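One-letter residues, chain by chain:
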Amino acid sequence: MNRPGKVSFSLISEVAGFFIPFLLGVYWAPVGIDLEIKATILRCVIAGLATLMLVVWLRAPLTRAETTFAALFGLLALLLIVPSLTATDPARAFKDLLKLVLLFAAGLAMARALRHERTARGFGYGMLLGSTVTAVLILSGYIRHMGLTLPTYEGLRILKEVLSRGEGFPLNPISFSAFFMYLIGLCLAPPRALTWFAGLFVFAVSSFLTGSRAPLAILLLSAVVATALHWVGARSFVLRVSGSLTLLLLTGVILASAFTVDSRKMVTISEGRTVAWSVAWSKFLERPFTGYGYESWRDDLTARLAGGEYFHNSNSLMKDGGYHNQYITLLAEEGLVGFVPAMAIVCMLLRCCRWLAWRTSIPAISRHMILLGGLFMFLRAAVEVPGLFGYANDPADYLAYCFVAVVVSRMSLHEDKRRPTLGRFTSEPQFSMAVSA
C-alpha cells in the first residue's frame, strides 16, 4: 500500500535531477531569443526544480557539510551587502546579488537531493546528455557555416565572430560548458563504453571546431595539478618529491612568464585579457575595501582603455564585457569585503575535492573526476568571469553550483554512513510513508 507513494516522490526527485543539467545543455539551442530573456526563463525553471527537490527531501537529516557551506555562502551574501550599498549603481548591484543568492540556495537544495542514489545518477546522466547535446549544437553550427571542410585557425576565428555577433552563440563559454558538464557527469554516473565514446566526441568537437584553446589547455593543466597533488599525498617518498617539484615548477613557470614575457606579446597571447586585468587591478587599488560594485566595468572600462596603447588589441574582447578574470573582478567590484570570504569558499571546496579524491568508498573514476572538475572550474576562473562568483546569468554560473551540490552531497553521504541507524539518510523521502498512508 505504501509503495506507490514512495515511488512517486522519489521519481519527482529523479526527474527534476535529470532535467536541471539537461536544460543547461539545450540552453543555447533557441538562437533567436534574447539572452536576457533566456537567462530569466532558465533562472525561474531551475529555481522551481531545485525547490521541488528541496521539498521532497526537506526532512532528511542535516549534515555538517551542508551547514558549513550554508554558513560560508550566507556570510558571503551578508558581506556583499556592503559593496552593493557603496556601488556606483546600487540598484544594479543588488539585482546581481539577489540572483547570486538564488544560486546559493539552489545549489544547497540540489545537494540534499543528490544524496539520493537514483537522483544523483539521473543528475549525472543528465550532465552527460547535456554535454553531448551542447557538442552537437557546436557541430551543427560549424557545418552550417563552414560545411564539411577541415577547420583552420583563421576560419574558426571568423566563425566565432559570426556565431557570437549574428546568432548569439558564443563558442568560448559553450565549449567550456560542454567540457565541464561531462566532468560533472562522470562524478556521479557510472562510466560505460558509450560514456567514453560521448566524451571523445565532446572533447574533439569542443577543442577542434571552436577555435577556443583555453578549455583544453585548462583541462590538461588541471590533470597535471591533480596528478601532482595525488603524488604529494602518496606513501612513496619519490612520488611525494616528484609531486612537490611539479607544483613548484608550474608555479615558477607562471611567475616567470608574468614577469619576463614582453607586455605586447602577453596581450596577444591572452587575447587582450591582460589589459582588462590591469584596469581591474587599478580600480581595486582605488577602492580596496568595497570596490565599485557588480558590473561596474560597464561604467568606465571602455573609457579607461580608450587612451591605452593596447586598446586596438583588446577592443573586440571588451565588447563582451567584464574583466575576464573572476578573482580580479571580485577585487575590483567587491573589494576585500567580498574577496576574502569568497576565497574561503574556494579553499574549502578544494580541500573537500582533495579529500574526496582519496576516499576509497567512492568509485575511482568518480572521485578523481571530482578533484579534476574542481581544479578545472577554479583554473578557468582565471580567464573568464562566469562561474562560482559570476553574474548568475550564464550556464557556467549554474554549472558551478551544480558542482558545489555534487561535492556537498558526497561529503554528506560520508557522514550519513557514520550516523546511527535512526539518523541516516533514507533511500526514500521520509514523509512519503505518511502521505501514502
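For the structure, check the block above.
A few points on the structure. This structure is a prediction, so every number in the text was calculated from the model and none was measured.

## Let's talk about the packing of aromatic side chains
Per the counting criterion, the structure on display carries 17 aromatic pairs. Look at Tyr182 and Phe203: their rings are 5.3 Å apart centre to centre, the planes differ by 75 degrees, and that puts the pair in the edge-to-face class. Of this pair, Tyr182 sits in helix H8 (residues 171-188) while Phe203 sits in helix H9 (residues 193-208); the two residues are 21 residues apart in sequence, bridging distant segments of the chain. Owing to a relative accessible area of 2%, Tyr182 belongs among the buried residues under this scheme. One cation-aromatic arrangement involves Lys38 over Tyr27; the distance from NZ or CZ to the ring centre is 4.9 Å.

## What to know about a nonpolar patch on the surface
A grouping of Phe237, Val238, Val241, Leu245 and Leu248 is seen on the molecular surface, where their side chains present a nonpolar patch of about 520 Å² in accessible area. As for its position among the elements, Val241 is in helix H11 (residues 237-260). Val241 gets classed as partly exposed once you look at its relative accessible area, which sits at 33%.

## Some points on the nonpolar core
Counting 120 residues, the largest nonpolar core has Phe123, Leu349, Leu388, Tyr401, Phe403 and Val407 as its most contacted members. A per-element tally of this core places helix H16 (residues 326-357) first, with 15 residues. With sequence-adjacent residues up to four places away left out, Phe403 is seen in contact with Phe180, Ile184, Cys187, Cys353, Ile370, Gly373, Gly374 and Met377.

## So, the packing of helix H2 (residues 35-56) against helix H5 (residues 90-113)
Orientation of H2 relative to H5, taken along the N-to-C sense of each, is 35 degrees, at an axis distance of 9 Å. You can see that H2 and H5 cross each other, and the crossing is left-handed. Across the interface between the two elements, Glu36, Arg43, Ala47, Ala50, Met53 and Leu54 of H2 pack against Lys95, Lys99, Leu102, Ala106, Ala109, Met110, Arg112 and Ala113 of H5. The residue makeup of the contact of H2 with H5, split by class, is nine nonpolar, no polar and five charged.

## Side note on the pattern of salt bridges
Taken as a whole and judged by the stated rule, the model has nine salt bridges. Here Arg115 ties to Glu66 by a salt bridge, and the two come within 3.1 Å at their closest N and O atoms. Of the two residues, Arg115 sits in the loop between H5 and helix H6 (117-146) while Glu66 sits in helix H3 (residues 64-79), which places them 49 residues apart along the sequence. Here the two residues Arg115 and Glu66 agree in accessibility, since each one is buried. With a shortest N-O distance of 3.2 Å, Asp96 and Lys99 are connected by a salt bridge.

Scoring rules and cut-offs
- Residues numbered from 1 in each chain as written.
- Predicted model: local features only at pLDDT ≥ 70, side-chain atom pairs only at ≥ 80, totals over all residues.
- Heavy atoms only, no water.
- Phe/Tyr/Trp six-rings, centres within 6.5 Å; stacked < 30°, edge-to-face > 60°.
- Helix = DSSP H or I, 4+ residues; strand = E, 2+ residues; numbered from the N terminus.
- Buried < 20%, exposed > 50% of the residue type's maximum accessible area, 1.4 Å probe, protein only.
- Lys NZ or Arg CZ within 6 Å of the ring centre and 35° of its normal.
- Patch = residues over 30% accessible without salt bridge, like charges linked within 9 Å, V, L, I, M, F, W, Y side chains within 5 Å.
- Areas by Shrake-Rupley, 256 points an atom, 1.4 Å probe, with all protein chains shown as cover.
- Salt bridge = Lys/Arg side-chain N within 4 Å of Asp/Glu carboxyl O.
- Core = buried A, V, L, I, M, F, W, Y, C linked by side-chain atoms within 4.5 Å.
- Contact = heavy atoms within 4.5 Å.
- Axes fitted to C-alpha atoms, helices over the stretch in contact; angles between N-to-C directions.
- Left-handed = near helix turned anticlockwise from the far one by under 90°.
- Nonpolar A, V, L, I, M, F, W, Y, C, P; charged D, E, K, R; others polar.

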